[in-house]
Amino acid sequence: MQTKAQAGCTVERRAARPDVEFYRDLERRGEPVVLTGALDVWPARSKWCFDWFRAEHGDVTAPVEWLRYHRSASGAVERVGKVEMMRVRDYIDALVADDGRLAGGYLIGRDLFARLPGLLADAHFPRVEVNERLTERLIFMGPRGAFTQLHYDRAHNLHAMLVGCKRWQLYAPDRTPELHPARYEFPYSVISENDLAPRGGDPKRLPGGVQPDHDFILEQGEVLYLPYGWWHRVETLAPSIATNLWWLSWQVLAEHGPGLVRDIAAGAVRAKLRRYEQITAGRKYRNEA
C-alpha cells in the first residue's frame, strides 16, 4: 500500500476567509493549505509586476544573493556564496530576459521593505500575530531555477505568490529524524543534513532519497499557509515576485517559546563574538570568491 509520503501527493486547496478565526483554525489543524482568493483585495495583486517595480522603484538598490548551505571541511554548517547590491531596474531586466545570467540569484527584500515602507500597505496579511515585533516580512524576487534547500522555519508562514510560480516539496514535522537536522547557529531555521552542499542542494535530486509528503506548484494568485515545523524546499519555476509573513502565535509560544528565547539569546552572543564574518542585509555568509 502506497503511503502519502510515497505518493508525493498534492496539498489541499481551499478558499480563504478574511477573519482571524479562519487562520486560528488552520493553526489548530496543523496542516499546510493553499489558499485561493486571499489576494483578490490586495493592492499588490494589481500593482506588483516587473514593469511596475521597474518604473516606480527602479533606482532603489537591494541585495541579490547567490548563497547555499554548505558543510565545511571543519564540519560546520555555513552559508557560502556571494551577495551583491543591484539596482532593482537592472535586476528585473535580467530577470525578465530569463537568459540564465542571474544563475539563480535571489533578491530577498528585507532591505526593500526598509527602503520602501509604503510597500507594506500593499499586502493585507491577516492580523494573526501576538505582537508585530514577533513577525517578519520579506519580498522575494527570483529567476527560474532559484532554489532553497531543505529546512524548516520556527514560525508560521504565509507565502503569497504575486507573479510566477514555485514548486514546493513539504515534509511533516514527525519526519524530522529521517531528515537529520543539522546544527546551525541562526535560531529561526533548522537545516537538513541531507540537503547540504557539496553532496546535496540539487533540486533534481531528493535529499537523501526521502520522498516528500506534498509535492506541488504554488501558482500565481495563491497563498501557502505553512505551519511551524514543516520542512520545505522550494524551486522557482518562472520569474517570480512573492511576499510573506512569518509570525509567532500564542500556541507556538506556549509550545516552543522557552527554546526560541534561549536560541535567540545564544545567537546574539555568537554574532558579537564573530564580527569578522561577512554580513549583508542580516545574512551571514562566507564569500566564495
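Shown above is the structure to which this text applies.
Residues numbered from 1 in each chain as written. Predicted model: local features only at pLDDT ≥ 70, side-chain atom pairs only at ≥ 80, totals over all residues. Heavy atoms only, no water.

Novice: I'm lost on the pairing of strand β1 (residues 12-15) in this one. Help?
Specialist: Pairing between β1 and strand β2 (residues 33-36): 4 bridges, direction parallel. Within β2, the position partnered with E12 by the bridge is V33. (Pairing = 2+ DSSP bridges. Helix = DSSP H or I, 4+ residues; strand = E, 2+ residues; numbered from the N terminus.)

Novice: Please clarify how unusual backbone geometry should be interpreted in this entry.
Specialist: Glycine aside, negative phi is the norm for most residues, and most peptide bonds take the trans geometry. With an omega of 10°, the peptide bond running from A197 to P198 counts as cis. Among the structural elements, P198 can be located in the loop between β10 (189-192) and β11 (214-218). Notably, D98 is not glycine yet its phi reads approximately 50°, a positive angle. Mapped onto the elements, D98 comes out in the loop between α5 (88-97) and β5 (106-108). Judged by its relative accessible area of 30%, D98 is partly exposed. Backbone geometry at A103 places phi at a positive 50°, although glycine is not the residue there. Relative to the assigned elements, A103 resides in the loop between α5 and β5. For A103, a relative accessible area of 62% translates into the label exposed. (Buried < 20%, exposed > 50% of the residue type's maximum accessible area, 1.4 Å probe, protein only.)

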